[in-house]
Amino acid sequence: MSQDRSVLITGCGIVSAIGLDCGQVLDSLLSVRTGVGPLRYLKTEHTEFPVGEVKLSDEEMERMMGIAPGTPTTRTALMGMIALHEALGQAGLSRDDLRECGFVNGTTVGGMDRSEQYYLDFIENDSRNAYISTHDCGSCSEMIADRFGRFRMITTISTACSSAANAIEMAADMIRLGEADIVVAGGSECITKFHLNGFNSLMILDHSQCRPFDAERAGLNLGEGAAFVVLEEASHAAVRKAKALARLSGYGNACDAFHQTASSPDGEGAYLAMSKALKTAGLKPADIDYVNAHGTGTPNNDESESQAMMRVFGKDLPPVSSTKGMTGHTTSASGAIETVICILALRNGFLPVNYGFSNPMENGIIPNMDLNRGCRLRHVLCNSFGFGGNDSSLVISAVE
Amino acid sequence: MIMEKKSVKILSAKQISIQNPLTEEWMDNPLSYSEDYVRAVDPDFKQFISAGDARRMGKLLKRALATSLSALQEGGIENPDAIITGTGFGSIENTELFLDALVREGEQLLKPTQFMQSTHNTASSLIGIHTKCHGYNSTYSQKGLSFDSALYDAWMQFRIGRIKSALVGSHDEMSPVFSGFVRKAGHVKEGEICSEAAVSVLMADGGDKAYCTLDGVRLLDSPSGMEIKDVIADMTAGGVDAVMTGMSGNAENDSWYGFLDDVLPGIPQLRYKPLFGVNFSSSATGFYAAACCLRDGRIPSVLTADAKPIECRKGILVVNVVEGRHYSFSILKAVCGR
């Protein structure tokens, strides 16, 4: 087997608070426009928290995807379908092609939006039984994939906020090992009352617009969305004459092994994940032109991630930004959403801005606030860190 | 270095299930049940977890830690290079407590510990924290294919040369309320025991004492008959003693394994689900049972269709079919010279 089965990205799709496709998201990034605002779609008592909702109702999404009213779906699955539709279209993959493609989805909340709505029905009557089958993570991946045909294999990664990044890593391993020539990977997650309340119980939600890496940061804003990338072996893409958007040149996953919901003060897991990603890419820290940080806006994450980045990059710290001030924290989908943002930055020559920042934190990094349009990016690093200290980093590189 | 062919040693395999925990007593003296919902038989957790820690952990976490630490101890590895876990529902008891309070009592007094444990990767993380393992850590949640997905990932990690050892497990617990839900959803069918399982398997590139070797893992969605035939022919080329199936006695479920009569004629078809019940981690109990048979060189009568024991000297193909569409195949082989 060839040792150098390199992994290209030949399609991407995205749905988020700042746009319903790549074009809209690019426009928002270039206009530095936030999608975070007052609650509109989720029905919750906690209207005090700003959120990054996708600006579509479930019914509007069903119509977009041509799904008959009354068909059991979930918001997570619907957003996933819209993003996957764009990714497959961009890569030029038809229903028949999918028989040779793997599908790896990342989600944690799964169908909880319906379960929290119909929980008492599940117990007391049989009126909503169809939604019991949409509760688990795996069923969510099946609903997304089955809308477009039958893939060669399907699986689901559930590592909280690093789920989509880990899905992309697993997909890349499959391609490097010759298990498949194309694997579509990413993640999807809608906001639910369940995890809005969960994050609230952990006291890590900001009551205002979140401020990643700011001295006054007070927590995260929940977001939602979905994104998928089509990963394809280079020679396969060449034969198919598929256009390469970028290359996944390195990736790493490590465990902080510190605490279930907090990051270690020295960011050991994050440091290891970034170091592994650079090593597999065969790059030095100085080769990285931009870092899309996990940067949630919680006091703990941003301090720990700052320490880890300073350990990795030393004096060569490239421009860093968190785009969560615009998208909100899209939890399990964030790794894929931010991968697509990195691809947009690489292809359009700009540095995403760290919306919400104004005052530097003590011992922290100072994030990028300048779009720097027209800059040339060769390699960018994308961080995703989850509960349990599950830390993953991807290196995405420009294609010549 | 990336390897085309690979053989990984299974150093140990441990279970907590509806059979006696952390032992292979089920081989000769299985527990049998007439109820259709049975909770796991728990060991004394004190030897694994302090009382203070145990109070904060749900059943799934305690079992995951106990099977993991036992597997590591027997296999003689303290810090595996990778921790990869499957779970269909995660810690469903804490999820249910949080959900129930949210729905019935509103959104003001919810408990962070319950929320934290509802996250599916809590077990993988807990094992990482407990063993101080900073290596590869991942969690799969794909219904009854969760363990198989974790195993497939581990298999790839070995082949790609990233790791030399891995702790692979799958853990599912079942609350009374959700046991009703999974019946309604058809995840557990007529005639099947709705159960719980925690399984941890330690595998490594080397080691003197091994149960057996793992020589291949494949996952396929809706494969054609020809694809199934090719995969099985490739995996069983060296001969197998038996095939470990997910047949349970339920007619619809068992019909998914009908292809085995044609593809592997004359090869005994084993059943583990009547012993261990059905849950999203049940394929892990089948894999564990197969590894134990190869370790002991015998397949006990409790697993065979004709209730007669079989010698086990070559290998066992483990086949899992979920909802008639997701197929997983893994091949376990006897250690040479046994």
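Each chain has its residues counted from 1, following the order in which its sequence is written. All chains are assigned letters beginning with A, and all ligands numbers beginning with 1, in the order in which they are written. Local features in a predicted model are, by the rule used here, given only for residues with pLDDT of at least 70; side-chain atom pairs are given and counted only at 80 or more, and totals for whole chains, interfaces and linings are based on all residues.

**Looking at the overall build of chain A**
- Counting its regular elements, chain A contains twelve helices and ten strands.
- Both definitions apply: the radius of gyration is a C-alpha atom measure, and the globule rule equals 2.2 Å times residues to the power 0.38. Here the C-alpha atoms of chain A give a radius of gyration of 19 Å, agreeing with the 21 Å that 2.2 N^0.38 yields for 400 residues.
- In terms of principal-axis extent, the alpha carbons of chain A reach across some 60 × 50 × 40 Å. Per the convention used, a helix needs a DSSP run of H or I reaching at least four residues, while a strand needs a run of E reaching at least two, with both numbered from the N terminus.

**A closer look at the overall build of chain B**
- Secondary structure summary: chain B contains twelve helices and twelve strands in total.
- Principal axes of the C-alpha set define a box for chain B whose edges measure 60 × 45 × 40 Å.
- Taken across its 338 residues, chain B has 60% of its residues classed as buried.
- For chain B, contacts bridging at least 24 residues in sequence account for 77% of all contacts bridging at least 6. Buried, partly exposed and exposed are defined by the number of other C-beta atoms within 10 Å of a residue's own C-beta, namely 20 or more, between the two limits, and 12 or fewer respectively, with C-beta atoms placed from the backbone. Contact definition: two residues whose C-beta atoms, as placed from backbone geometry, lie within 7 Å.

**Let's talk about unusual backbone geometry**
Residues and elements named next belong to chain A.
- In this structure, Ala-160 takes a positive phi of about 55° despite not being glycine.
- Inspection of the secondary structure puts Ala-160 in the loop between β3 (153-157) and α6 (163-176).
- The backbone phi angle of Thr-331 is positive, close to 40°, even though this residue is not glycine.
- Relative to the helices and strands, Thr-331 resides in the loop between α11 (324-327) and α12 (334-348).

**Digging into the interface of chain A and chain B**
- Residue-level contacts link 57 residues of chain A with 49 residues of chain B.
- Listed by contribution, the elements that provide at least two residues to the side of chain A that touches chain B are α4 (112-124), α5 (137-146), β3, α6, α7 (193-201), β6 (246-255) and α9 (268-281) of chain A.
- Top element by residues in the side of chain A that touches chain B is α4(A). It accounts for six residues.

**Regarding the domain arrangement of chain A**
Residue and element names in this part refer to chain A.
- Looking at the assigned domains, one finds that chain A contains domain 1 (8-240) and domain 2 (250-397).
- Distance from the C-alpha centre of domain 1 to the C-alpha centre of domain 2: 20 Å.
- With 61 residues of domain 1 at the interface, the matching set in domain 2 holds 55 residues.
- When residues of the side of domain 1 that touches domain 2 are traced back to their parent elements, those giving at least two are β1 (7-16), α1 (22-31), α6, β4 (182-189) and β5 (225-233). Where each domain begins and ends follows an automated or database-derived domain assignment.

**Quick notes on the packing of helix α3 (residues 75-91) of chain A against α5(A)**
Residue and element names in this part refer to chain A.
- Here α3 crosses α5 at 40°, and the two axes come no closer than 8 Å. Remark: the crossing between α3 and α5 carries right-handed chirality. Facing Thr-76, Ala-77, Gly-80, Met-81 and Leu-84 of α3, the residues of α5 in contact are Cys-140, Met-143 and Ile-144.
- When residue character is reported, Ala, Val, Leu, Ile, Met, Phe, Trp, Tyr, Cys and Pro are called nonpolar, Asp, Glu, Lys and Arg charged, and the others, Gly included, polar. In terms of residue class, the contact of α3 with α5 is made up of six nonpolar, two polar and no charged. Structural elements are reduced to axes, namely lines fitted to C-alpha atoms, with helices fitted over the stretch in contact, and the angle between N-to-C directions of any two is expressed from 0 to 180 degrees. With the far helix as reference, a near helix turned anticlockwise by less than a right angle produces a left-handed crossing, and one turned clockwise produces a right-handed crossing.

**Comments concerning α1(A)**
All names here are of chain A.
- Among the residues of α1, Cys-22, Val-25, Leu-26, Ser-28 and Leu-29 are the ones counted as buried. The arc enclosing the buried residues of α1, seen along the axis, measures out at 165°, which places them on a common side. With respect to the buried face of α1, the exposed residues turned more than 90 degrees away are Gly-23, Asp-27 and Ser-31.
- Directly after α1, the chain includes Val-32, whose backbone phi takes a positive value near 50°. Relevant arc is that of directions from the helix axis to the C-beta atoms, nothing else.

**Observations concerning the domain arrangement of chain B**
All names here are of chain B.
- Per the domain assignment, the segments making up chain B are domain 1 (10-204) and domain 2 (212-333).
- Centre-to-centre, using C-alpha coordinates, domain 1 lies 22 Å away from domain 2.
- With 43 residues of domain 1 at the contact, the number on the domain 2 side is 33 residues.
- Elements supplying a minimum of two residues to the side of domain 1 that touches domain 2: β1 (8-16), α6 (146-159), β4 (165-172) and β5 (197-204).
- If one sorts the elements of the side of domain 1 that touches domain 2 by residue count, α6 sits on top with seven residues.

**Details of the environment of Lys132(B)**
- On the secondary structure map, Lys132(B) appears in the loop between α5 (122-131) and β3 (136-140).
- Among the residues examined, Lys132(B) registers 11 C-beta atoms within 10 Å and is labelled exposed.
- Placed 53 residues apart in sequence, Lys132(B) and Asn79(B) show a C-alpha to C-alpha distance of 7.3 Å.
- Filtering out sequence-adjacent residues up to four positions away, Lys132(B) remains in contact with Ala257(A) and Asn79(B).

**With respect to the environment of Met81(A)**
All names here are of chain A.
- With respect to the helices and strands, the residue Met-81 is situated in helix α3.
- Given 27 C-beta atoms within 10 Å, Met-81 falls into the buried group.
- For Met-81 and Arg-40, which are 41 residues apart along the polypeptide, the C-alpha to C-alpha distance reads 22 Å.

**Quick look at the packing of α7(A) against helix α3 (residues 92-105) of chain B**
- Relative orientation of the contacting elements α7(A) and α3(B) amounts to 100°, with a least axis distance of 11 Å. Judged on the interaxial angle alone, α3(B) and α7(A) are roughly perpendicular. Residue-level contacts link Lys193(A), Phe194(A) and Asn197(A) of α7(A) to Phe98(B), Leu99(B) and Leu102(B) of α3(B).
- Class assignment of the residues belonging to the contact of α7(A) with α3(B) gives a composition of four nonpolar, one polar and one charged. Note on angle classes: values under 35 degrees are labelled roughly parallel, values over 145 roughly antiparallel, values of 65 to 115 roughly perpendicular, and the remainder oblique.

**Considerations on the environment of Lys43(A)**
- Here Lys43(A) lies in the loop between α1 and α2 (58-64).
- Residues Lys43(A) and Leu371(A) lie 328 residues apart in sequence; the distance between their C-alpha atoms is 36 Å.

**Description of the nonpolar core**
- Counting residues in hydrophobic clusters, the biggest one holds 246 residues, and the most contacted among them are Leu231(A), Ala291(B) and Ile316(B).
- Ignoring sequence-local partners within four residues, the contact set of Ile316(B) consists of Val240(B), Asp241(B), Ala242(B), Val243(B), Met244(B), Ala290(B), Cys293(B), Leu294(B) and Leu332(B). Here, a nonpolar core denotes buried Ala, Val, Leu, Ile, Met, Phe, Trp, Tyr and Cys residues that are linked to one another through C-beta atoms within 7 Å.

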